[in-house]
Amino acid sequence: MRTWGEVRTWMWEIAETDSRRLPMAHLCDSVLDSGVADLLFVNTSMHDLLVADREPENWTGAGVVQVHLLPDLVRIHHLSTTGRREQIDADPERIVGLFWRFVMEKFGIRPMGRTGVGG
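Throughout what follows, the structure given in this document is the object of discussion. (Residues numbered from 1 in each chain as written. Predicted model: local features only at pLDDT ≥ 70, side-chain atom pairs only at ≥ 80, totals over all residues. Heavy atoms only, no water.)

### A closer look at helix α3 (residues 95-107)
Working note: α-helix, 3.6 residues per turn, so residues spaced by three or four point in the same direction. With 13 residues, α3 ought to run about 18 Å at 1.5 Å a step, and its terminal C-alpha atoms sit 17 Å apart, in line with that. What α3 keeps buried is the set Ile95, Val96, Leu98, Phe99, Trp100, Phe102, Val103 and Phe107. The first or second residue beyond α3 is Gly108, which carries a positive phi of 70 degrees. (Helix = DSSP H or I, 4+ residues; strand = E, 2+ residues; numbered from the N terminus. Expected span 1.5 Å × (residues − 1). Buried < 20%, exposed > 50% of the residue type's maximum accessible area, 1.4 Å probe, protein only.)

The following block contains the structure:
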C-alpha cells in the first residue's frame, strides 16, 4: 500500500504533463485535507485509485471504492465483499463530492477538514 502523500505527489506529477489527471490530484488533496486520511487505505493502478476502510471490524461487506478516470468521465464504484456493486459515472469535476458520498455511505467515514466536498 502507498500513503496518501505518495499518491498525491505521483498524481500531481502526472497532472503536470496530462491535465486530464487533475481531478485525481484534487481528490488526493481533498483526502489529505479531510482529517481522516489515516482511516483509508489507498492503492493505485495506472488509471485507478482503490480505497478501503482501515478498520478491520468494518471489512465484512465493506469492500473497495474504485475511482476510475476515463477521458471524459469519472467512474466511481463500490465493490463489496458480498458481491453487491454500485456504480456512478459523472463529469470529472464531480469527482471529490462523489468520492466522499461513497466513502460516507459505504465506510461510514466523514471528512472533518476542508475538502471541497460541496463543490
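Structure shown, so let's carry the discussion forward.
### Notes on helix α1 (residues 4-17)
If you check α1, its first and last C-alpha atoms are 21 Å apart, about what 14 residues at 1.5 Å a residue would give, namely 20 Å. Regarding α1, the residues found buried are Trp4, Val7, Met11 and Ala15. Mapping the buried residues of α1 onto a view down its axis gives an arc of 70 degrees, with all of them on the same face. Of the exposed residues in α1, those oriented more than 90 degrees away from the buried face are Glu16 and Thr17. (Arc of directions from axis to C-beta.)

### A word on the sheet that holds strand β1 (residues 40-44)
Across the sheet, which stays open at both edges, the five strands sit in the order β1-β2-β3-β4-β5 with antiparallel pairing between neighbours. Each having just a single partner strand, β1 and β5 (85-90) make up the two edges of the open sheet. Neighbour to neighbour, the strand axes of the sheet diverge by 15 degrees on average, direction disregarded. With six bridges joining them, strand β4 (residues 74-79) and β5 adopt antiparallel strand pairing. Note on β5: the bridge partner recorded for His78 is Glu86. Here α1 sits on the sheet in contact with β1 and β2 (48-53), set at roughly 35 degrees to β1. (Pairing = 2+ DSSP bridges. Axes fitted to C-alpha atoms, helices over the stretch in contact; angles between N-to-C directions. Contact = heavy atoms within 4.5 Å.)

### Some details on the pattern of salt bridges
A complete count under the given rule lists six salt bridges for this structure. Put simply, Asp89 and Arg75 hold a salt bridge, and the shortest N to O gap is 2.8 Å. In this pair, Asp89 is assigned in strand β5 and Arg75 in strand β4, connecting sequence segments 14 residues apart. Arg75 gets classed as partly exposed once you look at its relative accessible area, which sits at 25%. Salt-bridge contacts for Arg101 lead to Glu86; the nearest nitrogen and oxygen are separated by 3.3 Å. In this pair, Arg101 sits in helix α3 while Glu86 sits in strand β5, placing the two residues 15 residues apart along the sequence. Salt bridges sharing partners connect three or more residues here, namely Glu86, Arg101, Glu105 and Lys106. (Salt bridge = Lys/Arg side-chain N within 4 Å of Asp/Glu carboxyl O.)

### Quick word on the environment of Pro92
Here Pro92 shows up in the loop between β5 and α3. Sequence separation between Pro92 and Leu69 is 23 residues, and the spatial gap between their C-alpha atoms is 7.4 Å. When residues no more than four places from it in sequence are discounted, the contact partners of Pro92 are Pro23, Leu69, Asp72, Leu73 and Val74.

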